[in-house]
Amino acid sequence: MHSSPSHGTDLLPATVAWLGARPGRVRLLEQTLLPLETRFLELETVPQMVDAIRRLAVRGAPAIGVAAGYGALLGVQHMVRASTAELVQRLVEDCRTLVAARPTAVNLFWALERMESAGKAAHARGLDAAAALDTLFAEAEAIHREDADQCRRMGELGAPYVPDGVAVLTHCNAGALATGGMGTALAPIYVAHSQGKRVSVYADETRPLLQGARLTAWELSQAGVPVTLITDNMAARVMSEGRVGAVFVGSDRIAANGDVCNKIGTFGVAVLARHHNLPFYVVAPTSTFDPTVPTGAEIPIEEREPEEVTEGFGRRTAPTGVRVYNPAFDVTPAELVTAIITEAGVIERPDRTRVLELLSRARHRALAAG
Ligand code: MRU
């Protein structure tokens, strides 16, 4: 379901896809095996989707939202002959199960809320179960299609910020693999590259799960964008040598005041960027904003298994029994963010007023568009 033009990302396998008519299956690119193996999962149940999200087979905030939208369909798609009330009750239960898969990326909650509201609205309109399923399917597809469109729009709006002839640095993976389209942070890079700018990327490897090394380095190479891999602790050196002209990252949740939650290590990169006088850009769709959290301090940060740190990818690299702290995300204060690039516009020097202004403008535009 990638929309075109894809700026090189058409060479990548789709991260999430619905297979078949209905009842159907969700096909996910199994991201834990990349870059060594390109394998797909075909999911038929809600528990399978929860497991895939937890294991990071599908990951990245927008992709989790798209997958969860289809995931909510999996549990109810056979209930054509049930009453709509029964169908909606099951949908609500499934959404509750899916929502607990991971705690930080707000797109998960946002997509499931959309699915739940679509089900309840169908019930309120007196639709039978078959017609309610049609609207649910349309909603899941809309979440996917809108995400792809928003990625492209962020790419267009962000491309002018991509420097010509000097590299940018990125952290984690905020590309096509993390979305239903061409990516968030990588979208401006793909667009600028397709426009003929001399674009190249330093990718932080992103300990402990190496999304930068396994995923970003892979997808940029596949798409033909020059990429150089560094370990996380090399970013300061690379910046001090004048090798990068800007930083582009994605986000898992943005608070009302513009604080940005993203993959662990992002905050450190933002501090380094400020020290070196480099612009620090966050690229995220409006679905990644959570105006119900006033500041980044209220965003729940996922803590993951110690083994990701002590024996990531199979080989033990720490003493047995050592205490480990493994937060998967951190919060970059808004004051370190040069601009947030969204599909609805760019928020320069983000603060509460500017964030809420943009969100309200985006809401009015969406309502006017029907
Ligand atoms: O734990 P992950 O791999 O799901 O974390 C992903 C990130 O932190 C991305 O940078 C973020 O979701 C932005 S994705 C477009």
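Residues numbered from 1 in each chain as written. Predicted model: local features only at pLDDT ≥ 70, side-chain atom pairs only at ≥ 80, totals over all residues. Heavy atoms only, no water.

Moving on, we come to the sheet that holds strand β12 (residues 329-332). Here we have four strands laid out as an open sheet, ordered β11-β8-β9-β12, and mixed in their pairing. Both outer strands of the open sheet, β11 (289-290) and β12, are each paired with one neighbouring strand and no more. Note: strand β8 (residues 253-255) against β11, two bridges, orientation parallel. Each bridged residue has a counterpart across the sheet, and for Ile254 the counterpart in β11 is Phe289. (Pairing = 2+ DSSP bridges. Helix = DSSP H or I, 4+ residues; strand = E, 2+ residues; numbered from the N terminus.)

In this section: the domain arrangement of the chain. Examined at the domain level, the chain breaks down into domain 1 (5-150) and domain 2 (153-369). Inter-centroid distance (C-alpha atoms) of domain 1 to domain 2 is 24 Å. In this complex, domain 1 contributes 35 residues to the contact, which on the side of domain 2 involves 40 residues. Of all residues in domain 1, the largest losses of buried area upon contact with domain 2 belong to His7, Thr104 and Gln150, amounting jointly to 23% of the total for that side. (Domains from an automatic or database assignment. Contact = heavy atoms within 4.5 Å. Buried area = accessible area lost by both parts, 1.4 Å probe.)

Further remarks concern the packing of helix α3 (residues 84-99) against helix α4 (residues 106-124). Working note: a packed helix pair is described by the angle between its axes plus the distance between those axes. At a minimum axis distance of 9 Å, the contact between α3 and α4 shows a crossing angle of 175 degrees. Viewed along their axes, α3 and α4 adopt a mutual orientation that is roughly antiparallel. Residues Thr84, Ala85, Val88, Leu91, Val92, Cys95, Leu98 and Val99 of α3 form the contact with α4, whose own contacting residues are Leu108, Phe109, Leu112, Met115, Glu116, Gly119, Lys120 and His123. Residues of the contact of α3 with α4, tallied by class, amount to eleven nonpolar, three polar and two charged. (Axes fitted to C-alpha atoms, helices over the stretch in contact; angles between N-to-C directions. Parallel < 35°, antiparallel > 145°, perpendicular 65-115°, else oblique. Nonpolar A, V, L, I, M, F, W, Y, C, P; charged D, E, K, R; others polar.)

What you see with strand β5 (residues 201-204) is no split at all: Val201 and Ala203 on one side and Tyr202 and Asp204 on the other are buried throughout. Bridge count for strand β4 (residues 167-170) against β5 is three bridges, and the pairing is parallel. Of the residues in β5, the one forming a bridge with Thr170 is Ala203. Between β4 and its parallel partner β5, the chain crosses via helix α6 (residues 187-194), and the hand of that crossover is right-handed. (Buried < 20%, exposed > 50% of the residue type's maximum accessible area, 1.4 Å probe, protein only. Right-handed = clockwise from strand over helix to strand, strands pointing away.)

Now for the site of the ligand. Surveying the vicinity of the ligand reveals 18 residues, the closest of which are Ala61, Arg102, Asp252, Asn262 and Lys263. Between the ligand and the protein, one listed contact pairs an oxygen atom with a side-chain N or O atom of Gln211 at 2.9 Å. In this structure, Asn262 approaches the ligand through a side-chain N or O atom, which is 2.7 Å from an oxygen atom. Bound to the protein, the ligand loses 100% of the 420 Å² it would expose on its own. At the level of secondary structure, the elements contributing two or more residues to the shell around the ligand comprise α2 (61-76) and β9 (260-263). Considered class by class, the residues forming the shell around the ligand number six nonpolar, eight polar and four charged. A domain-level breakdown of the shell around the ligand finds at least three residues from each of domain 1 (5-150) and domain 2 (153-369). (Near = heavy atom within 4 Å. Polar contact = N/O pair within 3.5 Å; in protein donor to acceptor, adjacent residues only side chain to side chain. Areas by Shrake-Rupley, 256 points an atom, 1.4 Å probe, with all protein chains shown as cover.)

An order of β1-β2-β3 is seen for the three strands of this open sheet, with the pairing classed as antiparallel. Lying at the two open borders of the sheet, with one neighbouring strand each, are β1 (16-19) and β3 (40-43). For this sheet the average axis-to-axis angle between neighbouring strands, irrespective of direction, equals 25 degrees. Relative to strand β2 (residues 25-29), β1 runs antiparallel, the two being bridged by four bridges. Residue pairing across strands places Leu19 opposite Arg25, the latter belonging to β2. The strands that α2 touches are β1, β2 and β3; relative to β1, the one it contacts most, it runs at about 20 degrees.

Further remarks concern the pairing of β4. With burial as the criterion, each face of β4 is covered, one bearing Ala167 and Leu169 and the other bearing Val168 and Thr170. Alignment of β4 against strand β7 (residues 244-249), held across four bridges, turns out to be parallel. Across the sheet, Ala167 pairs through a bridge with Val244, a residue of β7.

Look at the link from Arg22 to Pro23: it is a cis peptide, with omega at -5 degrees. Considering the arrangement of structural elements, one finds Pro23 in the loop between β1 and β2. Here Cys172, not a glycine, exhibits a phi torsion of approximately 65 degrees, which is positive. In this structure, Cys172 sits in the loop between β4 and α6. By relative accessible area, Cys172 is classed as buried at 7%. Located in the positive-phi region is Leu210, a residue other than glycine, with phi close to 60 degrees. Classification of Leu210 as buried rests on a relative accessible area of 17%.

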